Each structure stands twice: as structure tokens, then as C-alpha cells.
Amino acid sequence: MTAHMIQGIVAGLLLTELLELSFAALLRVRDVRSLGLILFTNLLTNPLAVLIFYISIYGFHFPFIPATAVIETVVVISEWLIYRQVKLPVACPLLFSLASNGVSWIYGTLIQLL
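For clarity, every value in this text was computed on a predicted model and none was experimentally measured. (Residues numbered from 1 in each chain as written. Predicted model: local features only at pLDDT ≥ 70, side-chain atom pairs only at ≥ 80, totals over all residues. Heavy atoms only, no water.)

Undergrad: Explain the packing of aromatic side chains to me, please; I cannot follow it from the model alone.
TA: The geometry of an aromatic ring pair comes down to the distance between the two centres and the angle between the two planes. In total, this model carries six aromatic pairs according to the counting rule given. Look at Phe23 and Phe96: their rings are 5.9 Å apart centre to centre, the planes differ by 35°, and that puts the pair in the tilted class. Of this pair, Phe23 sits in helix α1 (residues 3-26) while Phe96 is found in helix α4 (residues 93-113), placing the two residues 73 residues apart along the sequence. Taking the relative accessible area as the measure of exposure, Phe23 reaches 15% and is therefore buried. Members of the aromatic cluster, connected to one another through ring pairs, are Phe53, Tyr54, Tyr58 and Phe64. The ring of Trp80 carries Arg84 above its face, with NZ or CZ at 4.9 Å from the centroid. (Phe/Tyr/Trp six-rings, centres within 6.5 Å; stacked < 30°, edge-to-face > 60°. Helix = DSSP H or I, 4+ residues; strand = E, 2+ residues; numbered from the N terminus. Buried < 20%, exposed > 50% of the residue type's maximum accessible area, 1.4 Å probe, protein only. Lys NZ or Arg CZ within 6 Å of the ring centre and 35° of its normal.)

Undergrad: Please explain unusual backbone geometry as it appears in this structure.
TA: Most peptide bonds take the trans configuration, and most residues that are not glycine carry a negative phi. At His61, a residue that is not glycine, the phi angle is positive and equals roughly 60°. Of note in the backbone geometry, Lys87 takes a positive phi value of approximately 60° without being a glycine. Under the relative-accessibility criterion, Lys87 is labelled exposed at 65%.

Undergrad: So what exactly am I meant to see when it comes to the packing of helix α3 (residues 64-85) against α4 here?
TA: Relative placement of two packed helices is described by the angle separating their axes and the distance separating the axes. Viewed as axis vectors pointing N to C, α3 and α4 meet at an angle of 140°, and their least axial separation amounts to 8 Å. Comparing the axis directions of α3 and α4 gives the class oblique. In terms of crossing hand, the pair formed by α3 and α4 is right-handed. Contact with α3, carried on its side by Thr68, Glu72, Val75, Val76, Glu79, Trp80, Tyr83 and Arg84, involves Pro93, Leu94, Phe96, Ser97, Leu98, Asn101 and Trp105 of α4 and no other residues of that element. In the contact of α3 with α4, the residues fall into nine nonpolar, three polar and three charged. (Axes fitted to C-alpha atoms, helices over the stretch in contact; angles between N-to-C directions. Parallel < 35°, antiparallel > 145°, perpendicular 65-115°, else oblique. Left-handed = near helix turned anticlockwise from the far one by under 90°. Contact = heavy atoms within 4.5 Å. Nonpolar A, V, L, I, M, F, W, Y, C, P; charged D, E, K, R; others polar.)

Undergrad: I keep staring at the confidence of the model for the chain and nothing clicks. Help me out?
TA: Where the model shows low pLDDT, its predicted coordinates should not be examined in detail. Taken over all residues, the pLDDT of the chain has a mean of 93, while the share at 70 or more is 99%. At the low end of the mean pLDDT range in the chain sits α1, at 91; at the high end sits α3, at 96. (pLDDT = per-residue confidence, 0-100.)

Undergrad: What am I meant to see in the side chain of Ser34 here?
TA: Its place among the elements puts Ser34 in helix α2 (residues 32-59). Excluding anything up to four places from it in sequence, Ser34 contacts Val29, Leu88 and Pro89.

Undergrad: Whenever I open this one, a nonpolar patch on the surface confuses me. Can you help?
TA: Nonpolar side chains collect at one region of the surface, where Phe64, Ile65, Trp105, Ile106, Tyr107, Leu110 and Leu113 lie side by side and expose about 780 Å² of accessible area between them. Of all the secondary-structure elements, those providing two or more residues to the nonpolar patch are α3 and α4. Broken down by element, the residue count for the nonpolar patch peaks at five residues, all from α4. Note on placement: Ile106 falls in helix α4. Look at Ile106 and you get partly exposed, because its relative accessible area is 46%. (Patch = residues over 30% accessible without salt bridge, like charges linked within 9 Å, V, L, I, M, F, W, Y side chains within 5 Å. Areas by Shrake-Rupley, 256 points an atom, 1.4 Å probe, with all protein chains shown as cover. Salt bridge = Lys/Arg side-chain N within 4 Å of Asp/Glu carboxyl O.)

Below is the structure:
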């Protein structure tokens, strides 16, 4: 694994944690247990998703948009299943996972474009 890849994984994880925890706080999900669950869930899904993304794009030369769509879909479903299992106190765990990942992906993409 190259230093560039490791930097990308760490930077992506930190940005994801900041954005998704902030998003949760905006939705009034502020108790320590829930924020810890969100943090831990992202620790499980984000580094693996970024690694698979790098391998897909740079190793196998998959097209960017389809690779991103497949990886993000798997992440959203994985996080939804975790949130549902641990009973994260949100009205709809699937919608929360989709929205928080959408916010994170949009801001991350915008930052990369700058």
C-alpha cells in the first residue's frame, strides 16, 4: 500500500467522521451511545470502501461513476443493517444512512474539486 493510498484512507475517514457526526447532531442524534455507534460504523465501512475504490479505479481501471455507485450502495446498505440492528434512535435507519453518506460524499467530492 502506498503512502498516497494511506493518506487518502485516513483523510477520507476523518472527513467522513466529521461530516456524518455533524449531520447526526443536526438531526438531534446527540447522545454518546449513538454518536459512538456512528463513529464505529464508519470505522468499519469507510477504510474498506476507500481501499476497494482505489483498487477498482487504479488497479482494475473500472469507470469512476459505476465503481462509486456500487461501493456507496454497499456502504449505505451495510450501515443501514448495522444501525437497524443496534437500534440507532432515528426514524428510518435506511434514510439516515443514505442521507449521511450522501452529505459526506457530496462534500468530499467538492473538496477534491477545489
